[in-house]
Amino acid sequence: MSRRRVHDSYEDVYGADRGYKKRRRGGSESNDLEDRLESLVLKVGENTTSTIESNLEGLASVLDGDIQNFKKKVLKLLVECAVNMPEKCTIYSTLVGLLNAKNYNFGGEFVENIVRSFKDSLKNNSWNEARVVLRFIGDLVNCHVVSASSFVQLMGSLLDVTKEDGVPNVRKDWYCYAVMSCLPWVGRELYEKRESPLEMLLTTIEVYLNKRPKKHVNMLRIWSTDVPHPQEEYLECLWNQVKKLKHDSWTETIIPRPYLTFDNVLCEALQHNLPPIVPPPHHNACVYPMPWVVYRMFDYTDVTDGHIMPGAHSIERFLVEEHLQQIIDMSCKNRKECATNLMNFVHKNKVPLEYCIVEVIFSLMFHQPKPKYLEVMFGSVFIELSKLSTNTMPLVLAQTTEILYSRIESMHVCAFDRFVSWFAYHLSNFKFSWSWQEWADCLALDPEHPKPKFVREVLQKAMRLSFYERMRDIVPPDFEPLLPEKPEPKFKYAIEKSSLPGQFLSNTLLTKIRNKTTPEDIIEILKEPLMSENGEILEPADIGISNPTKVDAFVQTLLFIASKSFSHAFAAITKFISVFKALGETDDGQLQILRSTFDLWSADQQMLTVLIDKMLKTQIIECSSVANWIFSKDMIPEFTKLYIWEILSLTINKMSRHVDRLTRELNEAREKLRTTAAISNSSDDSDTETEKAEAKPRQSTTTTFGGQGVPMDVDDNVTEEMVERMEEKLEMAQADQKNLFLIVFQRFIMILSEHLVKCDTDDRPFDTYWYKYTVGRLQQVFLAHHEQVQKYSSTLEGLLFTQDLDIHILEVFHQFLALRS
């Protein structure tokens, strides 16, 4: 549906008196009027010179005059507005109420259409859309379009899902949440109609929430402590807000209710009863929204002047946060428009707007298991907000940064990573200006403490957006221990006459590569025995190509020659890819390639990450080798650095995308095979060649092979043998994916178990900074890749996360299982 901002007025279309204009019946003029009607409906309630009430009254008269000519169009448009513009829910419900008062039959048809939309949303697993439509239906009760009793019956039917057996808890959670989120809109109306069994609904909700398991909550928390703000699971938080609303006699101060102006008209209208609506049954293909924990950063004590921040359990807090999130969802593709719309929030004179915006954006940024949008989007919106509110927003962001830094010890590592990325990006857009001396307390702390780690990682990430000398200049001299190394290669064979075993080979390769030798010549050189500078063969003699010293000499020498830029490195890898693959034929060879790459580029985390990504793309190394390398003893000093987990994440993601692509290609090939068989059968039944020729183009389709879209005609045969080969290829990829997860989780279990046993033996606390960090990373892998890991949960439970495992490690796995249980 179009959401164009067309600045028509009722006078432009219908004259000053808004009377019905006579017009020719030409098709073009009718289409023009239809477009103008659409623009009027879309922009109703926006900034105009007249009030919302007068706009609604005029628009209702206009639509009523044209109902007979454009009824289907108007019905479709109003339903789309109800679905796609939730921020204008009460405006469109009032409009429907006025139309229903004028034309009962039209009101009935609209109810049928909106109910159909709700059923379709449930059937299609469009959960957010379904919740928005349900809320709109509830608001129709306020406008006397839908009877209160039938709406209560609908909510009771939805809550019956919470009593189902053998279905995931996330299914029950969503239906409970959908009903509760309607109550701020319709609760007062139901409360005033004493015959409505509202209390029975509330009792059903309370019973479910009291017996509902909450094992998953700890995995989703941003903070490990409830000080100063409790970390409430979303259903618990909303239930507390609903109880507070009930205590306040279902009265709130945020929702605009234009229908109250027309109460004398609407109350005389005939109401419609909703038909019985039974929620569709659960099936394995249903994917329900995951639970989350409500993020809290501010309360009234953090806002020093201006408006008071609504309490955590006030329904106003829920309504403001939901509306701000809707604004972000609608305009996220344009950061300037998004910032402008946020600053023009309709209730900005009722709340401390900048604080509410910052809290909502950080809640989206820190959302588990992953943010809805790219992290850079949040940073760019903050920059635009700072431009629009120069006197307030920069100060609020500075205060926010201080709050996050002061509480960073209890922050989940996922949020820690995103905080680092955002702050580095934010600094790069404000000349890296910051009062670093105020954070000098971190210099005296354990290097593994989150505070010095945060400063170190921010400077490391900021260097990617600037350069080393700039980082050195922006921080005080006493922060030098936290500065990153100068990002330059450490070529161990730089000294021509060193005693390293691979020195002579490196010198030879250096000369050959610079003289434009071929990959084949390099392979022949590597097959020769290792020799010293004086020509003696090093013992024991080895003519194999996968000797670790040979691998190291080649990788370091080639990447050092190509160390000028990413492009130079990529070109070198591409040219000598046959050499790399020959060296990496074994697991040990691949591990040595990674070790040598790390030794050369350990001072430049970005270059190291990019090179490993390139080697994965070119299949020089396998994903399992990267996992084994990350958890190897060689990498212990690097284990708690962010770039290591960036590499592991991109490795797992690459494997997942590979499996998804093969799955998609196989499904398309199967569909193509079925289509071809159907056409063949149809052609056999045809009496003429003409009918065959006409049938073929209609059945043409487009499929994907090798990751590229290829138009496939019927003549492009997909055979059973091709499909079987694709099935085998997918099975192999899934086996590799399972193996990758087994390696990762086995290594986690090994290092955590070793730590716990050692602490128990030495009689010292196990809950160290290293332990918290490592457990957080284990949770991160489960969360970030939950869709893929879930497929192998039975295997993981049977092989790794068994009952004899330490309870501290096993608990993380049980929390993960509870997310989708």
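With an unreviewed UniProt entry as reference, the protein is termed Nuclear cap-binding protein subunit 1, source organism Acyrthosiphon pisum. Per UniProt, the protein has the following entry under Sequence similarities (unreviewed entry): "Belongs to the NCBP1 family."

A.B. asks: Which parts of the structure should I look at to understand helix H27 (residues 605-617)?
C.D. replies: Residues separated by three or four positions in an α-helix point in the same direction, a consequence of the helix having 3.6 residues per turn. Compared with the 18 Å implied by 1.5 Å per residue over 13 residues, the 18 Å span of H27 between its first and last C-alpha is a close match. The buried count for H27 comes to 10 of 13 residues, which makes it a mostly enclosed element. Sitting at the head of H27, Asp604 places a side-chain oxygen 3.3 Å from the backbone nitrogen of Gln606.

A.B. asks: Sorry, what's going on with empty space enclosed by the protein here?
C.D. replies: To find leftover empty space, a probe the size of one water molecule is rolled over the atoms. Scanning all chains against the criterion turns up 2 cavities of 30 Å³ or more. One number sums up the size of the largest cavity: a volume of about 60 Å³. Every residue along the wall of the largest cavity is listed here: Asn169, Val170, Asp173, Arg212, Pro213, Lys214, Lys215, His216, Pro291, Ala818, Leu819 and Ser821. Elements represented by at least two residues in the lining of the largest cavity include exactly helix H8 (169-192) and helix H35 (807-820).

A.B. asks: What is the right way to look at the nonpolar core in this model?
C.D. replies: Across soluble globular proteins, you tend to see nonpolar side chains buried next to one another. If you look at the biggest cluster of nonpolar residues, it comprises 266 residues, and the most contacted ones within it are Trp436, Phe454, Phe554 and Phe801. Counting residues per element, this core draws most heavily on helix H3 (residues 52-84), which supplies 15 residues. Those residues in contact with Phe801 that sit more than four places away from it in its chain are Phe745, Ile749, Phe782, Leu796, Ile809, Leu810 and Phe813.

A.B. asks: Can you help me understand the packing of helix H4 (residues 89-102) against helix H5 (residues 104-123) in this one?
C.D. replies: Any two packed helices are characterised by the angle at which their axes cross and by the distance between the axes. Taken N-terminus to C-terminus, the directions of H4 and H5 make an angle of 135°; their axes are 5 Å apart at the nearest point. Taken together, H4 and H5 sit at an angle that is classed as oblique. For the pair H4 and H5, the contacting residues are Val96, Leu99, Asn100 and Lys102 in the first and Tyr104, Phe106, Gly107, Gly108 and Phe110 in the second.

A.B. asks: Explain the state of the cysteines to me, please; I cannot follow it from the model alone.
C.D. replies: Taken as a whole, this structure holds 0 disulfides when the rule is applied. Cysteine Cys89 is unpaired, with the sulfur of Cys143 as its nearest cysteine sulfur at 8.5 Å. Owing to a relative accessible area of 5%, Cys89 belongs among the buried residues under this scheme.

A.B. asks: Can you help me understand the packing of aromatic side chains in this one?
C.D. replies: The geometry of an aromatic ring pair is captured by two quantities: the separation of the ring centres and the angle between the planes. Summed over all chains, the structure comprises 52 aromatic pairs. For the ring pair Tyr234 and Trp292, a centre distance of 4.0 Å and an interplane angle of 25° mean the geometry is stacked. One end of the pair, Tyr234, is in helix H11 (residues 234-247); the other, Trp292, is in the loop between helix H12 (263-266) and helix H13 (315-331), and 58 residues separate them in sequence. Directly above the ring of Phe570 sits Lys614, whose terminal nitrogen or CZ lies 5.2 Å from the centroid.

A.B. asks: Hey, could you run me through the packing of helix H28 (residues 623-630) against helix H31 (residues 720-762) in this one?
C.D. replies: Two elements in contact, H28 and H31, have axes separated by 9 Å at closest approach and are oriented at 5°. Our classification of the angle between H28 and H31 gives roughly parallel. Contacts between H28 and H31 involve Cys623, Ser624, Ala627 and Asn628 from the former and Asn739, Leu740, Ile743, Val744 and Arg747 from the latter.

A.B. asks: Can you help me understand the confidence of the model for the protein in this one?
C.D. replies: In low-pLDDT segments, the atomic positions of the prediction should not be examined closely. Put simply, the protein has an average pLDDT of 89, and 90% of its residues get 70 or more. Mean pLDDT values for the elements of the protein range from 37 in strand E1 (residues 701-705) up to 98 in H28. Across residues 1-26 the pLDDT falls below 50, and counting only partners more than four positions away or on other chains, this stretch makes 60 contacts in the model. Every residue in residues 690-715 scores below 50 in pLDDT, and together they form 40 contacts with partners more than four places removed in sequence or on other chains.

Analysis parameters
Residues numbered from 1 in each chain as written. Predicted model: local features only at pLDDT ≥ 70, side-chain atom pairs only at ≥ 80, totals over all residues. Heavy atoms only, no water. UniProt positions renumbered as here; feature names shortened; annotations may be inferred. Helix = DSSP H or I, 4+ residues; strand = E, 2+ residues; numbered from the N terminus. Expected span 1.5 Å × (residues − 1). Buried < 20%, exposed > 50% of the residue type's maximum accessible area, 1.4 Å probe, protein only. Polar contact = N/O pair within 3.5 Å; in protein donor to acceptor, adjacent residues only side chain to side chain. 1 Å grid on protein atoms, 1.4 Å probe; cavity = no way out; pocket = protein on both sides within 12 Å on 5 of 7 lines; lining within 4 Å. Points joined across faces, edges and corners; volume = space filled by probe spheres on them. Core = buried A, V, L, I, M, F, W, Y, C linked by side-chain atoms within 4.5 Å. Contact = heavy atoms within 4.5 Å. Axes fitted to C-alpha atoms, helices over the stretch in contact; angles between N-to-C directions. Parallel < 35°, antiparallel > 145°, perpendicular 65-115°, else oblique. Disulfide = S-S within 2.5 Å. Phe/Tyr/Trp six-rings, centres within 6.5 Å; stacked < 30°, edge-to-face > 60°. Lys NZ or Arg CZ within 6 Å of the ring centre and 35° of its normal. pLDDT = per-residue confidence, 0-100.

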